[in-house]
Amino acid sequence: MQNESGDNVDLYVPRKCSWTSRLLTSKDHGTVQINVANVDPATGRATSESTPFALSGYIRFRSEGDMALTELAKKNDAVLAAQSSFVEPVSEEAE
């Protein structure tokens, strides 16, 4: 609920599972929220920003949490792909 100035005035705003869009209730003690660092595509290094993903206890109970987190991160470009084009060259000097 919002007041006249547009501020949220609710005491409790429930979160949603990022994978299933289920409401995460306060009694779901298997719920986790994981922040995945955003990666700069030019350098391949993590920036100071992150993307939060919330996974419900239902997904974790079914052992689908790792698959869900991987797919969510790929969709949001939060991680570099395994076959990225950024590879540091190794210099080999002949003596």
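Basis of the calculations
Residues numbered from 1 in each chain as written. Predicted model: local features only at pLDDT ≥ 70, side-chain atom pairs only at ≥ 80, totals over all residues. Heavy atoms only, no water. Helix = DSSP H or I, 4+ residues; strand = E, 2+ residues; numbered from the N terminus. Buried < 20%, exposed > 50% of the residue type's maximum accessible area, 1.4 Å probe, protein only. Contact = heavy atoms within 4.5 Å. Areas by Shrake-Rupley, 256 points an atom, 1.4 Å probe, with all protein chains shown as cover. Core = buried A, V, L, I, M, F, W, Y, C linked by side-chain atoms within 4.5 Å. pLDDT = per-residue confidence, 0-100. Arc of directions from axis to C-beta.

Visitor: Outline the overall build of the chain, listing residues and values.
Guide: Counting its regular elements, the chain contains two helices and four strands. The buried share of the chain, reckoned over its 95 residues, is 18%. In the chain, 42% of the contacts between residues at least 6 apart in sequence involve partners at least 24 apart. By element, 50% of the accessible surface of the chain is carried by carbon and sulfur atoms, the whole surface being about 7,800 Å².

Visitor: Explain the nonpolar core to me, using residue names and the numbers behind them.
Guide: Within the largest apolar cluster, nine residues are counted, these being Cys 17, Leu 24, Val 36, Phe 53, Ala 54, Leu 55, Ile 59, Ala 68 and Leu 72. Secondary structure elements with two or more residues in this core: strand S4 (46–55) and helix H2 (65–75). With three residues, the single largest contributor to this core is S4. Contacts of Ala 54, omitting those with residues within four sequence positions, involve Arg 15, Lys 16, Cys 17, Ser 18, Trp 19, Leu 24, Val 32 and Gln 33.

Visitor: Can you tell me about the confidence of the model for the chain, naming the residues and giving the values?
Guide: Mean pLDDT over the chain works out to 80, with 81% of the residues at or above the 70 mark. Least confident of the elements in the chain is strand S3 (residues 32–39), whose mean pLDDT is 88; most confident is helix H1 (residues 57–61), at 93. Note on residues 78–85: pLDDT is under 50 here. Beyond four places in sequence and across chains, it has 10 contacts.

Visitor: Requested: an account of the side chain of Ser 56, with residues and values cited.
Guide: Position of Ser 56 relative to the elements: it lies in the loop between S4 and H1. By relative accessible area, Ser 56 is classed as buried at 3%. Every residue in contact with Ser 56, bar those within four places of it in the chain, is listed here: Cys 17, Thr 20, Leu 24, Asp 28, Gly 30 and Thr 31.

Visitor: Please give an account of H2 that cites residues and values.
Guide: Those residues of H2 that sit buried are Gly 65, Ala 68, Leu 72 and Ala 73. Seen from one end, H2 has its buried residues packed into an arc of 130°, which puts them on one side. In H2, the exposed positions angled more than 90 degrees off the buried face are occupied by Asp 66 and Lys 74. Its buried side turned inward, H2 meets S4 and H1. One or two residues past the end of H2 sits Asp 77, with phi positive at roughly 55°.

Visitor: An account of unusual backbone geometry is requested, with residue identities and associated values reported.
Guide: A positive phi angle, close to 65°, is found at Ser 21, a residue other than glycine. Examined against the element boundaries, Ser 21 turns out to sit in the loop between strand S1 (15–16) and strand S2 (23–24). You will see that Ser 63, though not glycine, has its phi angle at about 60°, which is positive. Within the fold, Ser 63 resides in the loop between H1 and H2. The exposure class of Ser 63 is exposed, given its relative accessible area of 60%.

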